[in-house]
Every structure is written in C-alpha cells, then in structure tokens.
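An overview of the molecular structure
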Amino acid sequence: MHENKEFYPWLDAKQKPYIQIERVTKKFGDFVAIDNLSLDIYRNEFFALLGPSGCGKTTLLRMLAGFEKPTEGRILLDGEDVSSVPPHQRLVNMMFQSYALFPHMTVEKNIGFGLKQDKVPAAQIKKRVDDMLELVQLGQFARRKPHQLSGGQRQRVALARSLIKQPKLLLLDEPLGALDKKLREQTQFELMNLQEELGITFMIVTHDQEEAMTVSSRIGLMINGDLEQVATPSELYETPKSRFVAEFIGDVNLLEGRYDGSGEFGLTMVCKESDSAIQSTQRLDVAHGTTIWAAIRPEKLEISKQRPEGTPNVLKGKVWDIGYGGSFSTYHVHLPNGKAMTAVRANRERSLEKSITWEDDVYLSWAPKSAVILTD
Amino acid sequence: MKQFSRFNLISLLLGFSFLYLPIIILIIFSFNESKLVTVWGGWSTKWYAELLQNQGIKDAAWVTLKVAFISASVAAVLGTIAGMTLSRFGRFRGRTLFSGMIYAPMVMPDVIIGLSLLLMFVALAVDRGIATITIAHITFSLCYVAVVVQSRLSSFDDSIEEAALDLGCTPAKTFLFITLPVIFPAVISGWLLAFTLSLDDLVIASFTSGPGSTTLPMKIYSQVRLGVTPEINAVSTILVGLVACGVLLASYINRRQAKQRQADEQMAAQAD
Ligand SMILES: Nc1ncnc2c1ncn2[C@@H]1O[C@H](COP(=O)(O)OP(=O)(O)OP(=O)(O)O)[C@@H](O)[C@H]1O
Ligand SMILES: [Mg+2]
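Described below are features of the structure shown in this document.

Conventions we followed
Residues numbered from 1 in each chain as written. Chains lettered and ligands numbered in written order. Predicted model: local features only at pLDDT ≥ 70, side-chain atom pairs only at ≥ 80, totals over all residues. Heavy atoms only, no water. Helix = DSSP H or I, 4+ residues; strand = E, 2+ residues; numbered from the N terminus. Buried < 20%, exposed > 50% of the residue type's maximum accessible area, 1.4 Å probe, protein only. Contact = heavy atoms within 4.5 Å. Areas by Shrake-Rupley, 256 points an atom, 1.4 Å probe, with all protein chains shown as cover. Salt bridge = Lys/Arg side-chain N within 4 Å of Asp/Glu carboxyl O. Pairing = 2+ DSSP bridges. Axes fitted to C-alpha atoms, helices over the stretch in contact; angles between N-to-C directions. Core = buried A, V, L, I, M, F, W, Y, C linked by side-chain atoms within 4.5 Å.

Now for the overall build of chain A. Along the backbone of chain A there are eight helices and 20 strands. Each principal axis of the C-alpha distribution contributes one length, and for chain A these read about 75 × 50 × 40 Å. Per-residue burial for chain A yields a buried fraction of 53% across its 376 residues. In chain A, the share of contacts with a sequence separation of at least 24, taken over all contacts with a separation of at least 6, comes to 67%. Working note: accessible area of chain A is about 18200 Å², and carbon and sulfur atoms make up 47% of it.

In structure tokens form, the structure reads like this:
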C-alpha cells in the first residue's frame, strides 16, 4: 500500500476484526469446497484472495455476500453473526465474476439500481450515477444496453454498480480481468483512492498476482478450500511458507536436499546439484537427513563467468536461453544434471553486446541469507 | 445453396399440398358466390357479411374468445411458475415425477383428458359451462407455457437475480423487475400458444361444455353435420387466420429472442 505503510491492524491485539470467518466449511453434496477455513479481516483492509482455479475463492465471497450458507462454522460481520441474514439485507456489495448486468436496463439504470432500492431521490441518483460513469469512463455509453458494450466496458459497469452504494464491505470477484494494462492500473489506483476516501473494506479475488501485490494490504493464498498462507505481499514473496506458495507467487528456483545440521551461518543442506553443502542463515529444528528445499528467487541469483568469491553457495551451469525483457534479462541456465535454473539480471548498461551469451559456462551464486529454506 | 433435385421438388410439393390444399380450398370456397359448396359461382364476400347477421355463430365466437383469453392468461401464470420450478429448484424430491406429470397432457389423448375432466366435474357436481371449459383448457395448455418458459430459463443467467438481491432488492421485486422482464417474451409466446390451442379445441370443449356454452369449433362441427354451408367456410377461414397469426407471432418472438441472444454472445466473444 502506497501511503498506509503503518497499516498493520492484524498485529495489534486490541484491534477488533471487521469480518470474522470462523472455522467455516462449505460442502456441495459430498464435495468440500471450503474446508474449515478461518480468517479475520480488519476495517479498511484491502484483502486479496489468490489461488488456482476451483480452489473456492468465489464460494468464499458468495458466503460473505449471503448467497451460500456455510455448512459448518459461522461468519461475523462487525461482531454480528450474519450466517442467516439474507443477501438483500446485508450491507455488503459484490461484483460478480460474470458481471451479471441486467440485460434489459441501460448502463445508467444498471448503475443506479442499488440506490433506487434504497429510495434515494431521483435527482441524487442521477448525480451519483454521473459521478460513477465518469470514474469508470463510460459517460458516453450511459444510454446503451449491456449487450452493446465490449467485455471491458461491461466489467466497468459492473464495478460502478457495486461501488455506488459505498458499502462497508465490497467483494470484487476478478474485477479487472478484462481491462487492458493501462486501464487496469488506472482502475487499481482509483480503487485504492476510493478505499482511502470512503473507508470501504475490500476483498478482491484476482488471478493476477502482480495486481494482488500492488493493491492489497494482505494476501490470502488459497488451495483446495483452505488458506495456505495469509501475509502481506512482501512477506508472502520473501518468506513463503511452503513450496506451493513460493511457486505460486512469482518465479522461484527450488533445490531439493537434506538437512545436514547447523553450519557456520545457520544451517547446511546437502543436495545433488552442488558439490559443497548449501549454507543458509535460517535455522530449523528438524532431524538430520530430513528432506528440505531451498527456494531462491531468480533476481537473487547472481550470474557470472568467473567463480564468485565470498559466498559458499555456487552452482556451475551452461546458458541455455536468454529472454530479453527490456529493463531486465532472464537467463535460463542448465546445471550439469539437466536441472533448469532461472536468473534475472537488470540491464543496467545500455549495451547490445551481452557479456554473457548462449552456451557460456557460468556460475550461479547466492548469499546465505537470500534463499528461503522450506520444509513443506 | 443446394440445387433441388426433381425428386425433392416433387416430394416437397406433394407434402405441402397434402398439408395445405384442403385449407386453401376451404379458404377459396369461403369466397364463393354460390350457395352450393361444390359449385363455383364467382368471387364474393357475402358469406362474411352473412356471418355478422348469424347470432348463433357470433355467440359461439364470443364464448371461444373469452375462454381462450382467460385460459391462456391463467395458463401463462401457472405455466411460468411451473417452468421456473422445474428449471430452478434443482433436484428436489419428486422432481422427475413433477416434470413427467406436467408434460403428460401433451401426449395424453384429448378424449381422455376431456372424459376425465367431465367425470371430475360431474363428481364434484359443478355446473358445466364457460367456467368448466376454461378450467379444462388451462389444464392442457399450461404445460405448453411451462415448456416454453423452461427452455428460456435454461439460458438465463441466475447471477443477475443475485446481483439484484445484493443491491438491496427484495426477492419479490427482483422477480418483478429483473426476472420477469427478461423472460417476458417467452411468457408471451407461451400465452399465444395457449390461446391458439384453446381456439381450435373441439374435443375437450365438447366434453366439458354445458348448455349455452358452445364454442366456435363446436358450433362449426354441429353445423357441418347438417351440411357444409359457405358460411361455415367463412368462419373457418377466420379461425384459421387467427390461429396462424398466433403461431406465427409466437415463433417470431422466439426467433427474435434467439437471434438477439446469439448476437449478444457473438459480441461478447469478440469483445473479450
Ligand atoms: N453450486 C455448486 N455446486 C457444486 N459445486 C460447486 C458449486 N459452486 C462451486 N462448486 C465447486 O466448488 C469449487 C470451488 O468453486 P469456486 O467457484 O469457488 O472456485 P474459484 O476459486 O472461484 O475458481 P475460479 O478461479 O475458476 O473462479 C469448484 O470445484 C466448483 O466446481
Ligand atoms: Mg471464481
């Protein structure tokens, strides 16, 4: 979060969570879509749900909105059990993954629908709808019907419609997926502004981890109906809890090995890719010989032609492929046993001749504090 | 387009004439000047004018229209509810039985429907008349509405109802302002279908009618037994026209809906 650097309500024991999801299970017949999930979300949070398709993100949102009842467990909103409050009485709005625009109403009518239900005077509805139309840049489409809009435009109508009531909790199911990059970034920024201005608590489902990283105060990573890890974007990236998290968020090189006691730095790991033991500053309390993994982000791997000094963690390999990405280049390096590693290096110098090129023998190295050791 | 072979053309012509020749002859002879049905005496619309003088036929027409209008309207409401139940409530207990039962009148012989209704009315000691014909027509046309509505709902996006609820709309208002407007064309075409079915029903009406409640098809039938008159041809022509209009309108509404949906989907696919 750009301005809210000091916003960590979940670390403060005195803070009361705004939403409490308590040991919620949701079954569809025999199929367990949500599996004993607990989560606290605080006022003004921008909480992102990430996870592979079918892991239960939409189901969780639908329970918060009131369209599904938990099979077990309960959901508290501002301290009150809402498990049996019907959706039209919850002060929660949701933006649907399928947009769910009313096909027989114009864009204007769609956006104003929520206010009309609250018997807001017509003049005021008009004004607020106009404001919303401006926000989502759809002013000239006000009189169109949904089927006359493009996918991205429809998505913005759906977004405007869910925002207009300024609910206490706004659930967004992949709100920006159909927008182009520029419009998406703009809308992300607008969402963050809105959240600060209006004090709306956001819960957003997204497939775009970059988006989750940019907008959210915390990310919950879901798998098979449960939360694997809930953490701030940087915690999630730098200290993933498991291989699944490490691989899901960004790219990662994983080396499998066995725990070989605490060494000079914190622990040592023997693995077949490296002649000498790998060193890490992390400490672990596991038995000798336990299988562990070292996770190294591509940007933390140094790539060089000369054997680097000052780090015990060095692997030898051959450059297989180089991907030019503008501000950075990605090097795909094959180790002697065939394992592929990825290293990313910023293109600091403006030179078209690469010092390292295809088929070069190179060394990959990383500092003992740069890798994360995982046990799961 | 594929060229018609001679064989295809002939069989097509034969088929269509088999279907429509009698009706065309009927229509032509309704404009016959001569009183003799089988002798052509030149064009005339005098039998139509004569019709307007015939109180018996006018009464029967009025009864028929009343019955058709009321039964179609009630069937539209009940059929919509049934169609929604069938497509919405998933697998409730007895769903298969319910859907089987609702479609039964489509395949049941009219004579049996008529007879069973007659027996019921007699058992309940209900005076037979316009009311009983109407009830009988509701019974058998309801399932047609249900089928039309159900097929429309199969492509209905349930999440728009949820979106309305989510925005604070009560379930009742959601049905009225969101669901109904979207499925309305289907309800209308169901209504038209029910209306035309009621217009041309003879068998069930005969079983369930009482004195003073003769419908047009019944009237025509009883007159024909005394001999076909050009007047009957005229009234039949009008009936054919009405039914054709109803069926054409219903299929037009359905077609336009389908086209619209297709266009929407295409547009959505392009935009994404
Ligand atoms: N009404 C339902 N009946 C039966 N199974 C369901 C129902 N709704 C969802 N599921 C199942 O629950 C699981 C989770 O679905 P959900 O829609 O929450 O996934 P998701 O995480 O939102 O996926 P995506 O990223 O693809 O949108 C899926 O396996 C889905 O098939
Ligand atoms: Mg989903």
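Counting across every chain of the model gives 17 salt bridges over all chains. The salt bridge involving Asp118(A) is made with Lys165(A); its shortest N-O contact spans 3.4 Å. Of this pair, Asp118(A) sits in the loop between helix H2 (107–117) and helix H3 (122–135) while Lys165(A) is found in the loop between helix H4 (151–163) and strand E7 (169–173), placing the two residues 47 residues apart along the sequence. In this structure, a network of salt bridges that share partners links the residues Lys26(A), Arg62(A), Glu68(A) and Glu162(B).

It is worth spelling out the sheet that holds strand E4 (residues 72–77) of chain A at this point. Each strand in a sheet pairs with another by means of backbone hydrogen bonds, the pair being arranged parallel or else antiparallel. Residue and element names in this part refer to chain A. With antiparallel pairing, four strands are arranged side by side in an open sheet as E2-E1-E4-E5. Two strands bound the open sheet, and with one partner strand each, they are strand E2 (31–41) and strand E5 (80–81). The sheet contact formed by strand E1 (residues 19–28) and E4 spans five bridges and is antiparallel. Note on E4: the bridge partner recorded for isoleucine 21 is isoleucine 75. Most of the contacts of helix H1 (residues 57–65) go to E1, to which it runs at about 115 degrees, and overall it touches E1, E2 and E4.

Bringing the nonpolar core into the picture now. Within the largest apolar cluster, 56 residues are counted, with the highest numbers of intra-cluster contacts made by Leu49(A), Leu60(A), Phe102(A), Leu171(A) and Met203(A). With seven residues, helix H8 (residues 171–199) of chain B is the largest single contributor of residues to this core. In contact with Phe102(A), not counting residues within four places along its chain, are Asn110(A), Phe113(A), Pro146(A), Arg161(A), Ile160(B), Ala163(B), Ala164(B), Leu167(B) and Ile178(B). Of all hydrophobic cores here, the second largest spans 45 residues; its members include Leu172(A), Leu179(A), Leu183(A) and Val245(A).

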